[in-house]
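The lines below spell out each chain.
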Amino acid sequence: MSKRKVTGRSPWQRDEKEASYTPQEWDCMKYNLSDCIKYSVDKPMFAIYDKNKTLDIYTKRAALRAAPFVVALVAYIGEEMLYQSSGTIIESDDVSSVILTSANLIRCPQTKTVAPNNIKVFVYLKDGRSFLGKVLTFNSHYNIVVIKIQSDAPLPIASLKLLDDSITIDPSERHFHEEKTFQLWPHSKTHNLIPGDRLFALGRYFVKPYDIMIAPGEFCLDRCNYECKELFMASCRITRCGIGGPLSNCNGEVVGICFYDCACTPFLPINLVSKWWNQYKKNGVTRQPYVGIELTNLYVAELYVMEEIIQKFPNICKGVFVEEVIPGSVADFVGLRPKDVITKFGGKTVHGFLELIELMWDKVGDSVDLVVLRASDGASLNLCMPVEEVTPDKSYSWPLWENAR
């Protein structure tokens, strides 16, 4: 009887094939493997905060709905890691995809200016695929950038839901927020945003296995000390690697782009992002309005101010409240004053802050008629105000959040 040589090898075992990577994937891996693990010690995930550790079923559902279009991004200058962020896939076809994130990703810490030509950007998906990104365009005023990658098949894209931030202050209104059924009709074109609504800040971690991160919170009326007064606020708590990621509603629809604050999450409403991006695609350039005044929704005003307004103008339920007028601005020159309420812009009734800002985008360089209510003397004023364009000297200044966790 012949003896069979014992090798200790299973008859089902096969020799492993060497992994095959494209030059682009290998380049991404070469950068990511060493530096990302080193930097991850100082850049933790969202779960470092207790409120993000125990997630209810609604939060998990929101995360799973949004996860396919959330990516991690890492930028390098030469061999040195510059920044990490999260991003949202907003467009995709058979050959390429477009990702939206914060322009902090491509800002130099020394000069604090955007320098896309000297920067390499790598994009990572949950399934392990990686791409070398190209800066398509950026907006320093709103601190956002669009990254383009070459992909051989369409990638999942986000559903962008425009916000309706108008709320009536009519004291006879009997339907309150707590009586509403679970948020958002499936086929509505906008998301009606009310203080207390649940929102979710999402990100993807920049170290393999590129886990999805989520921070639940609520829409709130708190303010951050940033120059950009178009920012809204959510009570979510994120870490630095979530900057530039999406803010979603319960349906996983993107309503904003996240930035950073130590206690909350400031976010840029998707309305303004969409306005900028669509204008860029159509014209190749954008013209943003310079407001020259600090505006908010009427319902945000102090209670005693709202009472005074309603006493003088009983039929007013919505409008845009002037908080501050910058001295020397066009708004100051035409006679706008703090506590004024703008009710019409270019002949159109305006109900909320975002609606007014979007209307201004279409009137940059023009003079527009305003109807303004002034409770101090009960006057209804007709003003004509030029809508200025943002120029570099009027552009917002943004922090780098270098010391953020």
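Source: prediction; values computed, not measured.

Thresholds, definitions, all that
- Residues numbered from 1 in each chain as written.
- Predicted model: local features only at pLDDT ≥ 70, side-chain atom pairs only at ≥ 80, totals over all residues.
- Heavy atoms only, no water.
- Helix = DSSP H or I, 4+ residues; strand = E, 2+ residues; numbered from the N terminus.
- Buried < 20%, exposed > 50% of the residue type's maximum accessible area, 1.4 Å probe, protein only.
- Contact = heavy atoms within 4.5 Å.
- pLDDT = per-residue confidence, 0-100.
- Pairing = 2+ DSSP bridges.
- Phe/Tyr/Trp six-rings, centres within 6.5 Å; stacked < 30°, edge-to-face > 60°.
- Lys NZ or Arg CZ within 6 Å of the ring centre and 35° of its normal.
- Arc of directions from axis to C-beta.
- Salt bridge = Lys/Arg side-chain N within 4 Å of Asp/Glu carboxyl O.
- Disulfide = S-S within 2.5 Å.
- Axes fitted to C-alpha atoms, helices over the stretch in contact; angles between N-to-C directions.
- Parallel < 35°, antiparallel > 145°, perpendicular 65-115°, else oblique.
- Left-handed = near helix turned anticlockwise from the far one by under 90°.
- Nonpolar A, V, L, I, M, F, W, Y, C, P; charged D, E, K, R; others polar.

**Notes on the overall build of the protein chain**
Item 1. A tally of regular secondary structure across the protein chain gives six helices and 22 strands.
Item 2. By residue count, 51% of the 405 residues in the protein chain fall in the buried class.
Item 3. In the protein chain, once contacts between residues fewer than 6 apart in sequence are set aside, the share between residues at least 24 apart is 68%.

**Regarding the confidence of the model for the protein chain**
Item 1. Summary statistics for the protein chain give a mean pLDDT of 87 and a share of 86% for residues scoring 70 or more.
Item 2. Within the model, the stretch residues 1-7 combines pLDDT values under 50 with zero contacts to residues more than four positions away or in other chains.
Item 3. Across residues 16-21, where pLDDT falls below 50, the model places three contacts with residues more than four positions away in sequence or in other chains.

**Section: the pairing of strand E10 (residues 212-220)**
Item 1. Across the nine residues of E10, seven count as buried, placing the element largely inside the fold.
Item 2. Inspection of the sheet shows strand E9 (residues 198-204) paired to E10 by seven bridges, in the antiparallel sense. Looking across to E10, one finds that leucine 199 is bridged to glycine 217.
Item 3. Both E10 and strand E11 (residues 232-234) contribute to a ladder of two bridges, which runs antiparallel. Bridge assignment links phenylalanine 219 to a residue of E11, and that residue is alanine 234.

**Topic: the packing of aromatic side chains**
Item 1. As enumerated under the stated definition, the model contains 15 aromatic pairs in all.
Item 2. Here tyrosine 226 and tryptophan 401 contribute two aromatic rings whose centre-to-centre distance is 5.9 Å and whose plane-to-plane angle is 65 degrees, an arrangement assigned as edge-to-face. Here tyrosine 226 is found in the loop between E10 and E11, whereas its partner tryptophan 401 is found in the segment after strand E22 (388-389), with 175 residues between them in sequence.
Item 3. The exposure class of tryptophan 401 is buried, given its relative accessible area of 9%.
Item 4. Of the aromatic side chains, those joined through ring pairs into one cluster are Phe219, Phe232, Phe267 and Phe353.
Item 5. Sitting above the plane of the tyrosine 83 ring, arginine 240 keeps its charged end 4.1 Å from the centroid.

**Details of helix H2 (residues 57-66)**
Item 1. Along H2, the residues classified as buried are Thr59, Ala62, Ala63 and Ala66. Burial along H2 is one-sided: seen end-on, the buried residues are contained in an arc of 100 degrees.
Item 2. Of the surrounding elements, those touching the buried residues of H2 are strand E1 (70-77), E9 and E10.

**Remarks on the pattern of salt bridges**
Item 1. For the structure on display, the rule yields 13 salt bridges.
Item 2. Between aspartate 332 and arginine 337 there is a salt bridge, with the nearest N and O atoms lying 3.5 Å from each other.
Item 3. Classification of arginine 337 as partly exposed rests on a relative accessible area of 37%.
Item 4. Of the charged contacts in the structure, one is a salt bridge between lysine 348 and glutamate 355, with a shortest N-O distance of 3.9 Å.
Item 5. For glutamate 355, a relative accessible area of 22% translates into the label partly exposed.

**Quick notes on helix H6 (residues 353-361)**
A turn of α-helix holds 3.6 residues, and therefore any two residues three or four places apart point the same way.
Item 1. Here H6 lies mainly inside the structure; eight of its nine residues are buried.
Item 2. The set of residues buried in H6 consists of Phe353, Leu354, Leu356, Ile357, Glu358, Leu359, Met360 and Trp361.

**A word on the pairing of strand E2 (residues 80-92)**
Item 1. Of all 13 residues that make up E2, 10 are buried, and the element is covered over most of its length.
Item 2. Two elements, E1 and E2, share eight bridges in a ladder whose sense is antiparallel. Counted as the bridge partner of valine 71 is glycine 87 from E2.
Item 3. Hairpin remark: E1 followed by E2, antiparallel, with two residues in the connecting loop; positive phi at glycine 78, about 65 degrees.
Item 4. Across four bridges, E2 lies against strand E3 (residues 96-102) in antiparallel orientation. Along E3, the bridge assignment pairs serine 92 with serine 97.

**Overview of the state of the cysteines**
Item 1. Under the criterion given, the structure shown has zero disulfides.
Item 2. The cysteine cysteine 258 is free of any disulfide, with cysteine 236 supplying the nearest cysteine sulfur at 6.7 Å.
Item 3. The buried category is assigned to cysteine 258, whose relative accessible area is 0%.

**Focus on the sheet that holds strand E13 (residues 254-258)**
Strand-to-strand pairing in sheets goes through backbone hydrogen bonds, with the strands running parallel or antiparallel.
Item 1. Read around the closed barrel, six strands run E9-E10-E11-E14-E13-E12, paired in antiparallel fashion. With strand direction ignored, the average angle separating the axes of adjacent strands in the sheet is 45 degrees.
Item 2. In the packing of H2 onto the sheet, contacts are made with E9 and E10, and the angle to E9 comes to roughly 50 degrees.

**Focus on the environment of valine 70**
Item 1. As for its placement among the helices and strands, valine 70 is situated in strand E1.
Item 2. Residue valine 70 is classed as buried on the basis of its relative accessible area of 2%.

**Quick look at the packing of helix H3 (residues 270-283) against H6**
Item 1. Packing of H3 against H6 brings their axes to within 10 Å, and their N-to-C directions diverge by 15 degrees. Accordingly, the angle class assigned to the pair H3 and H6 is roughly parallel. H6 is crossed by H3, and the crossing has right-handed handedness. Two secondary-structure elements touch here, H3 through Asn271, Leu272, Lys275, Trp276 and Gln279 and H6 through Leu354, Ile357, Glu358 and Trp361.
Item 2. Residues that form the contact of H3 with H6 fall into these classes: five nonpolar, two polar and two charged.

**Some details on the sheet that holds E3**
Item 1. Read around the closed barrel, the six strands follow the order E1-E2-E3-E6-E5-E4; overall the barrel is antiparallel. Averaged over all neighbouring strand pairs, the angle between strand axes comes to 40 degrees, with direction disregarded.
Item 2. Lying on the sheet, H3 is in contact with E2, E3, strand E5 (130-139) and strand E6 (144-150); it crosses E5 at an angle near 90 degrees.

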